[in-house]
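The primary structure of each chain is shown beneath.
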Amino acid sequence: MSTIPEHREIVVGVDPVREGCLALAWAADEAHRRRLALRLVVAVPPPHDTQHVDDTPRHQARTQRGKDALRAATDWVRARQPDVHVGSALVDGVPAAVIAGRAQRAAMAVLGSRHLSRTEEFLSAGSLVVPVTAQARCPVVVVGDAEHITQDPAYLVVGVDGSESSRSALSFALEEADLRRCAVRAVAVWQPPVFTLHTGDTLFHAERRLLSETTAGWAEKYPGVRLTHEVLIGSPVELLADAAEHALAVVVGRRGRGGYTGMRVGSVVHGLLHRAHCPVITVPAG
């Protein structure tokens, strides 16, 4: 196994049961853009702890399937991006814990999505998306649908709510847009409160002012990126997903103090993982 400097690789969770070419393609192209290495990882769940059934043959079969999946994924990436350095790792352990652990030392983690329901996510031993997204210290990209590369002009959507994590998301989105030569659409979503001592106009204008302040100054750092911003009124999940309907990806912060956080990955992040029809990138607070 080759040694790659810390934070100089993108970790990719490889599913030995289901082909994940969309995630592999996204990760390979991103590694090429950022001049990073790829680390393809398969985690083999440990044998069941039981006194009545010998699970060794099943574990051996899973291990072999993992080896085959890694070999096929490595060949596929090398054919797509020959200049990208590719390493691989077959690790015994619970998949979510293994990938999350690897992500602590990575520049980015990329996962495919099985489009599990919320119930299946909690009951499935193979569920990776929610626990890895909640625990990773790096940006996590969930590729359940392809990027909309035919949209002209191409753009990324980033959710902004004033939190530290959403500022990190905006920074990431602009950096990504600069690499891709595309635009960024910064979106704040305002939900009118049920009870308030202030008028709706006052609160809406405050939201607009916050968005303007958050996006100010970035044009000097990224002069080649067209940045637009707008405040929408309604449900954050629905409106961000709709805004990203034809986007390359939607970028949101996680673990900040704003509305895109909350329990574990937060209701908005969790909702986008199910609702958005493009890659979803979540970025921790810097």
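Here, the structure is the one placed above.
The structure contained in this document is the topic of the report that follows. Note that this is a predicted model, so its numbers are computed, not measured. (Residues numbered from 1 in each chain as written. Predicted model: local features only at pLDDT ≥ 70, side-chain atom pairs only at ≥ 80, totals over all residues. Heavy atoms only, no water.)

### Digging into the overall build of the chain
Right, on to step 1. Along the backbone of the chain there are 10 helices and 10 strands.
Right, on to step 2. Counting only residues that meet the buried cut, the chain has 50% of its 286 residues in that class.
Right, on to step 3. For the chain, the proportion of contacts with a sequence separation of at least 24, taken over those separated by at least 6, is 81%.
Right, on to step 4. Entry remark: accessible area of the chain is about 14200 Å², with carbon and sulfur atoms responsible for 52%. (Helix = DSSP H or I, 4+ residues; strand = E, 2+ residues; numbered from the N terminus. Buried < 20%, exposed > 50% of the residue type's maximum accessible area, 1.4 Å probe, protein only. Contact = heavy atoms within 4.5 Å. Areas by Shrake-Rupley, 256 points an atom, 1.4 Å probe, with all protein chains shown as cover.)

### Observations regarding the environment of Arg-58
Right, on to step 1. Within the element layout of this structure, Arg-58 appears in helix α2 (residues 56–80).
Right, on to step 2. Separated by 11 residues in the primary sequence, Arg-58 and Pro-47 have C-alpha atoms spaced 7.9 Å apart.

### Considerations on the packing of helix α1 (residues 21–34) against α2
Right, on to step 1. Two elements in contact, α1 and α2, have axes whose closest approach is 10 Å; the angle formed by their N-to-C orientations is 45 degrees. Classified by the angle between their axes, α1 and α2 sit oblique to one another. Crossing geometry of α1 relative to α2 is assigned as right-handed. Touching Cys-21, Leu-24, Ala-25, Ala-28 and Asp-29 of α1 are Ala-73, Trp-76, Val-77 and Arg-80, all from α2. (Axes fitted to C-alpha atoms, helices over the stretch in contact; angles between N-to-C directions. Parallel < 35°, antiparallel > 145°, perpendicular 65-115°, else oblique. Left-handed = near helix turned anticlockwise from the far one by under 90°.)

### Remarks on the packing of aromatic side chains
Aromatic ring pairs are described here by two measures, namely the spacing of the ring centres and the angle between the planes.
Right, on to step 1. Applying the stated criterion across every chain yields a total of 1 aromatic pair.
Right, on to step 2. Ring geometry for Trp-218 versus Tyr-222: centroids 6.3 Å apart, planes at 20 degrees, classification stacked.
Right, on to step 3. Among the residues examined, Trp-218 registers a relative accessible area of 18% and is labelled buried. (Phe/Tyr/Trp six-rings, centres within 6.5 Å; stacked < 30°, edge-to-face > 60°.)

### Comments concerning the pattern of salt bridges
Any two side chains of opposite charge can pair if their charged atoms end up close together.
Right, on to step 1. Taken as a whole, this structure holds 14 salt bridges when the rule is applied.
Right, on to step 2. Between Glu-230 and Arg-185 there is a salt bridge, with the nearest N and O atoms lying 2.4 Å from each other. Here the residue Glu-230 occupies a position in strand β8 (residues 227–233), and Arg-185 occupies one in strand β7 (residues 183–190), the gap between them amounting to 45 residues.
Right, on to step 3. One salt-bridge network, in which partners are shared between bridges, spans Glu-30, Arg-33, Arg-34, Glu-147, Glu-175, Glu-176 and Arg-180. (Salt bridge = Lys/Arg side-chain N within 4 Å of Asp/Glu carboxyl O.)

### Brief notes about helix α9 (residues 236–243)
Count 3.6 residues to each turn of an α-helix, and residues three or four apart come out pointing the same way.
Right, on to step 1. Inspection of α9 places Pro-236, Val-237, Leu-240, Ala-241 and Ala-243 among the buried residues, and these make up the whole buried set. For α9, the angular spread of the buried residues around the axis is 160 degrees, confining them to a single face.
Right, on to step 2. Buried residues along α9 sit in contact with β6 (155–159), β7, β9 (250–254) and α10 (267–275). (Arc of directions from axis to C-beta.)

### A word on unusual backbone geometry
Right, on to step 1. For the bond running from Asp-152 to Pro-153, omega is 0 degrees, close enough to zero to count as cis.
Right, on to step 2. Inspection of the secondary structure assignment puts Pro-153 in the loop between β5 (140–143) and β6.
Right, on to step 3. With phi around 55 degrees, Arg-35 is a residue other than glycine that occupies positive phi space.
Right, on to step 4. Here Arg-35 is to be found in the loop between α1 and β2 (37–44).

### A few points about the sheet that holds strand β10 (residues 280–284)
Right, on to step 1. Read from one edge of the open sheet, 10 strands run β3-β2-β1-β4-β5-β10-β9-β6-β7-β8, paired in mixed fashion. Whereas interior strands pair on both sides, the edge strands pair on one side only; in this sheet they are β3 (86–92) and β8. The mean inter-strand angle of the sheet, taken between neighbouring strand axes irrespective of direction, is 25 degrees.
Right, on to step 2. Along the sheet face, α2 touches β2 and β3 and points at about 170 degrees away from the line of β3.
Right, on to step 3. Here helix α3 (residues 95–103) sits on the sheet and contacts β1 (9–13), β2, β3 and β4 (108–112); the angle it forms with β2, its principal contact strand, is near 155 degrees. (Pairing = 2+ DSSP bridges.)

### Regarding α1
Right, on to step 1. Along its 14 residues, α1 runs 20 Å from first to last C-alpha, staying within 8% of the 20 Å computed at 1.5 Å per residue.
Right, on to step 2. Most of α1 sits out of view: 10 of its 14 residues are buried.
Right, on to step 3. Within α1, the full set of buried residues consists of Ala-23, Leu-24, Ala-25, Trp-26, Ala-27, Ala-28, Asp-29, Glu-30, Ala-31 and Arg-34.
Right, on to step 4. Of the residues trailing α1, Arg-35 is marked for its positive phi of about 55 degrees. (Expected span 1.5 Å × (residues − 1).)

### Points about the nonpolar core
In globular proteins that are soluble, nonpolar side chains generally tend to be buried together.
Right, on to step 1. By size, the foremost hydrophobic cluster in this structure holds 49 residues, and its most contacted members are Leu-38, Leu-40, Val-110 and Val-158.
Right, on to step 2. Residues in contact with Val-110, not counting those within four places in the same chain, are Ile-10, Val-11, Val-12, Gly-13, Ala-23, Trp-26, Ala-27, Val-141 and Val-143.
Right, on to step 3. Counting residues in each nonpolar core, the second largest holds 40 residues, with Ala-43, Ala-89, Ala-106 and Leu-273 among its members. (Core = buried A, V, L, I, M, F, W, Y, C linked by side-chain atoms within 4.5 Å.)

### Brief notes about the pairing of β2
Right, on to step 1. Most of β2 is tucked away, with 8 of its 8 residues classed as buried.
Right, on to step 2. Here β2 shows two buried faces, one formed by Ala-37, Arg-39, Val-41 and Ala-43 and the other by Leu-38, Leu-40, Val-42 and Val-44.
Right, on to step 3. In the sheet, β1 pairs with β2 via 5 bridges, with the strands oriented parallel. Note on β2: the bridge partner recorded for Ile-10 is Leu-38.
Right, on to step 4. Two strands pair when backbone bridges link them, and β2 and β3 are joined in this way by 7 bridges, in the parallel orientation.

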